[in-house]
Amino acid sequence: MNICICGGGNLGHVVSGFLGSKPNVTVGILTRHPESWSQQLEIRLPNKSVVNGELKLVTNNPSEIIPQADIVLLCLPGMFIRSEIEEIIPYLRPTTVVGSIVSSTGFFFQTHELIPNQPTFGFQRVPFIARTRTYGHKADLLGFKSSLNVVIENYDDVEALRSTLENLFDTPVKLLDNFYEVSLSNSNPLLHTSRLYTMWKDWHEGIFYPKQSLFYEDWTVDASQLYIEMDNEFQQLLQALGIKKGAIPPVLEYYESHDADSLCEKIRNISAFKGIASPMIKSSYGWAPDTHSRYFTEDFGYGLKFIYQLAKAKKISSQHIDNVYEWGNRIVSGN
């Protein structure tokens, strides 16, 4: 099996190395910086053991890698998905399967427009928690998910592809029924944005903070409460869209919590989230929010945006989502 990974971020590193360590799997990378990559990636697993993934080809030229690919897997921020699909379209075979490592930043909205008949799949949540140690050489796989949910479109033998993905990622994979179930998420688009809002809703240019906070370990009950309220509105939207109950579990159920306090405690103590800093920039005056961080540009501009727009279209009462999205949009645009 030939797999092309598009993107050289944290997930691009870990997915490439992890899949490249498997027998009978050939992995190549389409990246903007091929000169910075080794032909072998060292991936450190949660138990501190190491696997080495071989890369058959690292290139910035889609014509060199896409025509041979059985699977093309996008490991990209939402802002790059459309341009990447447009770039690879001329080299796709009709049977090549195009997937996305996570689908809550517009993947299916883009494929329906650009490649409506191409076989596609998208995960509901990322399969790994990943961090790059040395760009192009080493990365850490910090955590596996207990199971993965996926939507597959335009593919004849859906069960065969589901089984293939399960074997590739060494994780049980469940099929979902509707692309909305993976395109809309109460993970990062609500998780990150509720935290950003409660930290910095009163921030403006000229305000600085004495230190860089930890994004998860300094999580607050206020952030949890807002997260729950946004999720309640989100669940109403899912119902209006006809998505079966439980397809995207409420956050309290997902995190095995019962209120804002227990959710706060749970998030603060997730081991894979330890040490992750809030998106901030240091200057001689102190620390300020990094509004160019993917926490802002991705989760407001691509994740929460689709939820906000669909809630408006379906006339869902979404005061908390509205407040957070409109604040984030102002911050990102600099207004």
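The coordinates are above.
Quick caveat, the model's predicted, so the values are computed rather than measured.

## Describing the state of the cysteines
Phase 1 of the analysis: One pass over the structure, following the stated rule, counts zero disulfides.
Phase 2 of the analysis: Of the cysteine sulfurs around Cys75, a residue in no disulfide, the closest is that of Cys6, at 8.1 Å.
Phase 3 of the analysis: Overall, Cys75 belongs to the buried group, its relative accessible area being 7%.

## Digging into the sheet that holds strand β1 (residues 2-6)
Phase 1 of the analysis: Pairing within the open sheet is mixed, and its eight strands lie in the order β5-β2-β1-β6-β7-β8-β11-β12. Since the sheet does not close on itself, it has two edges, and those belong to β5 (57-59) and β12 (173-175), each with one partner. In this sheet, neighbouring strand axes are inclined to one another by 25 degrees on average, regardless of whether the strands run parallel or antiparallel.
Phase 2 of the analysis: Where strand β6 (residues 71-74) and strand β7 (residues 97-100) come together, four bridges link them in parallel fashion. Paired with Leu74 across the strands is Ser100, a residue of β7.
Phase 3 of the analysis: Sitting on the sheet, helix α4 (residues 107-114) touches β6, β7, β8 (120-123) and β11 (148-153), and the angle it makes with β8 is about 170 degrees.

## Examining the pattern of salt bridges
Phase 1 of the analysis: On inspection of all chains with the given rule, the structure shows twelve salt bridges.
Phase 2 of the analysis: Between Glu159 and Arg162 there is a salt bridge; the shortest N-O distance is 2.8 Å. On the criterion of helical spacing, the pair formed by Glu159 and Arg162 is a turn pair, its members being three residues apart in helix α5 (residues 158-169).
Phase 3 of the analysis: Take Glu159: its relative accessible area is 43%, and that puts it in the partly exposed class.
Phase 4 of the analysis: For Arg162, a relative accessible area of 14% gives the class buried.
Phase 5 of the analysis: We note a salt bridge from Asp177 to Lys244, for which the minimum N-O separation is 3.0 Å. Of the two residues, Asp177 is situated in the loop between β12 and α6 (180-183) and Lys244 in the loop between α8 (221-240) and α9 (251-254); the sequence distance between them amounts to 67 residues.

## Describing the packing of aromatic side chains
Phase 1 of the analysis: Overall, the coordinates contain 27 aromatic pairs when judged by the stated rule.
Phase 2 of the analysis: Judged by centre distance (5.0 Å) and plane angle (80 degrees), the ring pair of Phe215 and Tyr216 falls under edge-to-face.
Phase 3 of the analysis: According to the relative accessible area criterion, Phe215 is buried, its value standing at 0%.
Phase 4 of the analysis: For Tyr216, a relative accessible area of 3% corresponds to the buried category.
Phase 5 of the analysis: The rings of Phe18, Phe121, Phe123, Phe128, Phe144 and Phe169 are connected pair by pair, giving a single aromatic cluster.
Phase 6 of the analysis: Just above the ring of Tyr254 sits the side chain of Arg125; from NZ or CZ to the centre is 3.8 Å.
Phase 7 of the analysis: One residue, Lys305, lies across the ring of Phe306, its end atom 6.0 Å from the ring centre.

## Focus on the pairing of β8
Phase 1 of the analysis: On β8, burial covers both faces: Thr120 and Gly122 on one face and Phe121 and Phe123 on the other are all buried.
Phase 2 of the analysis: Direction of pairing for β7 relative to β8: parallel, over a ladder of three bridges. Note on β8: the bridge partner recorded for Ser100 is Gly122.
Phase 3 of the analysis: On the question of chirality, the crossover connecting β7 to the parallel β8 by way of α4 is right-handed.
Phase 4 of the analysis: Pairing analysis gives four bridges linking β8 to β11, with the strands arranged antiparallel. From the neighbouring strand, Phe121 faces β11, where its bridge partner is Ile152.

## Quick look at the environment of Ser283
Phase 1 of the analysis: Within the secondary structure layout, Ser283 lies in strand β13 (residues 280-283).
Phase 2 of the analysis: Considering only alpha carbons, one finds Ser283 and Phe208, 75 residues apart in sequence, at a separation of 8.9 Å.

## Side note on the side chain of Asp231
Phase 1 of the analysis: Relative to the assigned elements, Asp231 resides in helix α8.
Phase 2 of the analysis: The buried charged residue Asp231 lacks any salt bridge, with Arg125 as its nearest oppositely charged partner at 7.8 Å.
Phase 3 of the analysis: A distance of 3.0 Å separates the side chain of Asp231 from the backbone nitrogen of Val251, its partner in a polar contact.
Phase 4 of the analysis: Sequence-distant contacts of Asp231, defined by excluding residues within four places in its chain, comprise Asn186, Leu190, Pro250 and Val251.

Criteria and thresholds
Residues numbered from 1 in each chain as written. Predicted model: local features only at pLDDT ≥ 70, side-chain atom pairs only at ≥ 80, totals over all residues. Heavy atoms only, no water. Disulfide = S-S within 2.5 Å. Buried < 20%, exposed > 50% of the residue type's maximum accessible area, 1.4 Å probe, protein only. Pairing = 2+ DSSP bridges. Helix = DSSP H or I, 4+ residues; strand = E, 2+ residues; numbered from the N terminus. Axes fitted to C-alpha atoms, helices over the stretch in contact; angles between N-to-C directions. Contact = heavy atoms within 4.5 Å. Salt bridge = Lys/Arg side-chain N within 4 Å of Asp/Glu carboxyl O. Phe/Tyr/Trp six-rings, centres within 6.5 Å; stacked < 30°, edge-to-face > 60°. Lys NZ or Arg CZ within 6 Å of the ring centre and 35° of its normal. Right-handed = clockwise from strand over helix to strand, strands pointing away. Lys, Arg positive; Asp, Glu negative; His and termini not counted. Polar contact = N/O pair within 3.5 Å; in protein donor to acceptor, adjacent residues only side chain to side chain.

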